[in-house]
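Single-letter residue listing:
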Amino acid sequence: MLPRGVPDGVDAETRRRVQRSFLMVRIVRGGLLLAFLAIAAVAVELRGWPHAVTVVLALAALAQAGALVAGCRRYRSLLGP
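Visitor: Explain helix H2 (residues 51-79) to me, please; I cannot follow it from the model alone.
Guide: Since one α-helical turn is 3.6 residues long, residues separated by three or four positions face the same way. End to end, H2 covers 42 Å across 29 residues, agreeing with the expected 42 Å (1.5 Å per residue, within 8%). For H2, every residue scored as buried is listed here: Thr-54, Leu-57, Ala-61, Gln-64, Leu-68, Gly-71 and Leu-78. Phi turns positive one or two residues past the end of H2, at Gly-80, with a value near 75 degrees.

Here it is, written out as structure tokens:
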């Protein structure tokens, strides 16, 4: 989970901060991807393309939503008490 450039000798608080910042980037990027998939699904339906394309986009959005929820849970666990 840590980037390759972080040395092993950092204290626990610094490690948690780095993990939180990387998770925040993943959460924002995942949210943008989820929004894009939703817009794409609507556009595909409006264009009259085959429904299989919409189903594939919906499955991808479902998988992305699951990853986004997991990332949010992981972020909350790093906030600590």
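Visitor: How should I be thinking about the layout of surface pockets in this particular structure?
Guide: Unfilled space is identified by rolling a water-sized probe across the atoms. The volume enclosed by the largest pocket comes to roughly 180 Å³. As for the largest pocket, its lining consists of Leu-23, Arg-26, Ile-27, Arg-29, Gly-30, Leu-33, Gln-64, Ala-67, Leu-68, Ala-70, Gly-71 and Arg-74. Taken together, the elements giving at least two residues each to the lining of the largest pocket come down to helix H1 (12-47) and H2. Grouping the amino acids of the lining of the largest pocket by side-chain chemistry returns six nonpolar, three polar and three charged.

Visitor: Just checking my understanding: could you explain H1 for this structure?
Guide: Its 36 residues give H1 an end-to-end C-alpha distance of 52 Å, which sits within 8% of 52 Å, the value for a rise of 1.5 Å per residue. Tucked inside the fold, the buried residues of H1 contact H2. Just past H1, the residue Gly-48 takes up positive phi, approximately 80 degrees.

Visitor: Please clarify how the nonpolar core should be interpreted in this entry.
Guide: Generally speaking, a soluble globular protein has its nonpolar side chains buried in company with each other. In terms of nonpolar packing, the biggest core is built from six residues, these being Leu-37, Ala-40, Ala-41, Val-44, Leu-57 and Ala-61. Among the secondary structure elements, those contributing two or more residues to this core are H1 and H2. The leading source of residues in this core is H1, at four residues.

Visitor: Please clarify how the side chain of Arg-20 should be interpreted in this entry.
Guide: Inspection of the secondary structure puts Arg-20 in helix H1. For the buried Arg-20, no salt bridge is present, and the opposite-charge side chain at shortest range is Glu-13, 4.2 Å distant. Aside from chain neighbours lying at most four places away, what touches Arg-20 is Glu-13, Tyr-75, Leu-78 and Leu-79.

Definitions and cut-offs
- Residues numbered from 1 in each chain as written.
- Predicted model: local features only at pLDDT ≥ 70, side-chain atom pairs only at ≥ 80, totals over all residues.
- Heavy atoms only, no water.
- Helix = DSSP H or I, 4+ residues; strand = E, 2+ residues; numbered from the N terminus.
- Expected span 1.5 Å × (residues − 1).
- Buried < 20%, exposed > 50% of the residue type's maximum accessible area, 1.4 Å probe, protein only.
- 1 Å grid on protein atoms, 1.4 Å probe; cavity = no way out; pocket = protein on both sides within 12 Å on 5 of 7 lines; lining within 4 Å.
- Points joined across faces, edges and corners; volume = space filled by probe spheres on them.
- Nonpolar A, V, L, I, M, F, W, Y, C, P; charged D, E, K, R; others polar.
- Contact = heavy atoms within 4.5 Å.
- Core = buried A, V, L, I, M, F, W, Y, C linked by side-chain atoms within 4.5 Å.
- Lys, Arg positive; Asp, Glu negative; His and termini not counted.
- Salt bridge = Lys/Arg side-chain N within 4 Å of Asp/Glu carboxyl O.

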